[in-house]
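Here is what each chain is made of, one letter per residue.
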Amino acid sequence: LGLLACCDFVISVASAKFALSEVRIGMIPATISPYVIAKIGIPKSQRLFLTGEPFDAAEAQQMGLVSEVVADAEALQAAAQKLCDTMTLCAPEAVAASKALVRNVMNREINHTLKDYTNSELAKVTQSQEVAIGAKAFRAKEKPAWAASKLTAKL
């Protein structure tokens, strides 16, 4: 479950069961605790850490641990491939910068310092080669070079 908390996207079959069962064998979920707490918050983490109770994919999705729940393995493969196809349409450096942006702005007070930071990050990427390539492709009504990439989801 700790690994789920570290992932950007998690697709689960509906029949999956999850638990933070360490407490049931005398352990604690120490190593993964910062990631789980950041993903689902303190109250939900406390419940799971203190009880070790199992929960299903629907509840994991409600908590924010799972992004999408699908019926079965075939649907899982299809959903994973759809996500891969969607991601290949995105500029790789912009994706990485967006991921860092989320990490760096989450849980911060919206103030001038944060606004200066986000403006600075935007200014950095507007000077990137990816923006030039993306803008040129947009004007030409073509897909940028990175969109020709093909990823295959392997489960």
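Model, not experiment: these values are computed from the prediction. For every chain, the first residue of the written sequence is number 1, and numbering continues from 1 onward in sequence order. Side-chain atom pairs in this predicted model are given and counted only at pLDDT of 80 or more, local residue features only at pLDDT of at least 70, and totals for whole chains, interfaces and linings cover all residues. Computation of side-chain values: all heavy atoms of the structure, hydrogens and water removed.

1. Some details on the overall build of the protein chain
In step 1: Of regular secondary structure, the protein chain possesses eight helices and four strands.
In step 2: In the protein chain, the order of α-helices and β-strands from amino to carboxyl end is α-β-β-α-α-β-α-β-α-α-α-α.
In step 3: In summary, the protein chain has a C-alpha radius of gyration of 19 Å against a globular reference of 15 Å for 155 residues, an excess of more than 25%.
In step 4: The C-alpha extent of the protein chain, read off along each of the three principal axes, is 60 × 45 × 20 Å.
In step 5: With a 1.4 Å probe rolled over the protein chains alone, any residue whose accessible area is under 20% of its type maximum counts as buried; one over 50% counts as exposed, and the rest are partly exposed. A buried classification covers 25% of the 155 residues belonging to the protein chain.
In step 6: Pairs of residues are marked as contacts when any of their non-hydrogen atoms sit within 4.5 Å. Look at the contacts in the protein chain between residues 6 or more apart in sequence, and 64% of them connect residues 24 or more apart.
In step 7: The protein chains shown are the only cover counted for residues, whose accessible areas, like all others here, come from Shrake-Rupley with a 1.4 Å probe. For the protein chain, the exposed surface amounts to about 10,500 Å²; the carbon and sulfur share of it is 60%.
In step 8: Charged residues are defined here as Lys and Arg on the positive side and Asp and Glu on the negative side; His and the ends of the chain fall outside this count. Here the site of a charge means NZ on Lys, CZ on Arg, CG on Asp, or CD on Glu. On the protein chain, the mean spot of the 17 positive side-chain charges and the mean spot of the 15 negative ones are 4 Å from each other. By the criteria applied, helices consist of DSSP H or I runs no shorter than four residues and strands consist of E runs no shorter than two, each listed in order from the N terminus. Radius of gyration means the value over C-alpha atoms here, while the globule rule gives 2.2 Å times the residue count to the 0.38 power.

2. Points about the packing of aromatic side chains
In step 1: Two rings from Phe, Tyr or Trp (for Trp, the six-membered ring) form a pair when their centres are within 6.5 Å of each other. A pair whose planes differ by under 30 degrees is stacked, one over 60 is edge-to-face, and the rest are tilted. Considering all chains together, one arrives at one aromatic pair under this definition.
In step 2: Lysine NZ or arginine CZ positioned within 6 Å of the ring centre and within 35 degrees of the ring normal marks a charge as sitting over the ring. Directly above the aromatic system of tyrosine 117 lies the positively charged group of arginine 108, at a separation of 5.7 Å from the ring centroid.

3. Re the nonpolar core
In step 1: Put simply, buried Ala, Val, Leu, Ile, Met, Phe, Trp, Tyr and Cys residues joined by side-chain atoms within 4.5 Å make one nonpolar core. Of all hydrophobic cores here, the largest spans 16 residues; its most connected members are Phe18, Phe55 and Leu65.
In step 2: Mapped onto this core, the elements with two or more residues apiece are α1 (2-6), α2 (33-40), α3 (42-51) and α4 (57-63).
In step 3: The dominant element in this core, judged by the number of residues it contributes, is α4, at three residues.
In step 4: Aside from chain neighbours lying at most four places away, what touches phenylalanine 18 is Leu1, Leu4, Ser12, Glu53, Pro54, Phe55, Asp56, Ala57, Ala60 and Val66.

4. Quick look at the pattern of salt bridges
Close approach of charged atoms allows side chains with opposite charge to pair.
In step 1: We define a salt bridge as a contact between a side-chain nitrogen of Lys or Arg and a carboxyl oxygen of Asp or Glu at a distance within 4 Å. Counted according to the given criterion, the structure contains five salt bridges.
In step 2: Across the salt bridge formed by arginine 47 and glutamate 53, the nearest N and O atoms sit 2.4 Å from each other.
In step 3: The exposure class assigned to glutamate 53 is partly exposed, which follows from its relative accessible area of 26%.
In step 4: Residue arginine 47 pairs with glutamate 59 through a salt bridge whose shortest N-O separation is 2.5 Å. Of the two residues, arginine 47 is situated in helix α3 and glutamate 59 in helix α4; the sequence distance between them amounts to twelve residues.
In step 5: For arginine 47, a relative accessible area of 34% gives the class partly exposed.

5. Some points on the packing of helix α6 (residues 92-105) against helix α7 (residues 112-126)
In step 1: Two elements in contact, α6 and α7, have axes whose closest approach is 11 Å; the angle formed by their N-to-C orientations is 175°. The orientation of α6 relative to α7 falls into the category roughly antiparallel. Contacts from Ala97, Ala100, Leu101, Asn104 and Val105 of α6 reach α7 at Leu114, Tyr117, Thr118, Glu121 and Val125. Axes here mean lines fitted to C-alpha atoms, for a helix over just the part in contact, with angles spanning 0 to 180 degrees between N-to-C directions. What sets the label is the angle itself: under 35 degrees gives roughly parallel, over 145 gives roughly antiparallel, 65 to 115 gives roughly perpendicular, and the rest give oblique.

6. Regarding unusual backbone geometry
In step 1: One non-glycine residue, asparagine 107, lies in positive phi territory at about 65°.
In step 2: Following the sequence through the fold, asparagine 107 ends up in the loop between α6 and α7.
In step 3: One non-glycine residue, lysine 141, lies in the positive phi region at around 55°.
In step 4: With respect to the helices, strands and loops of the structure, lysine 141 is situated in the segment after α8 (129-139).

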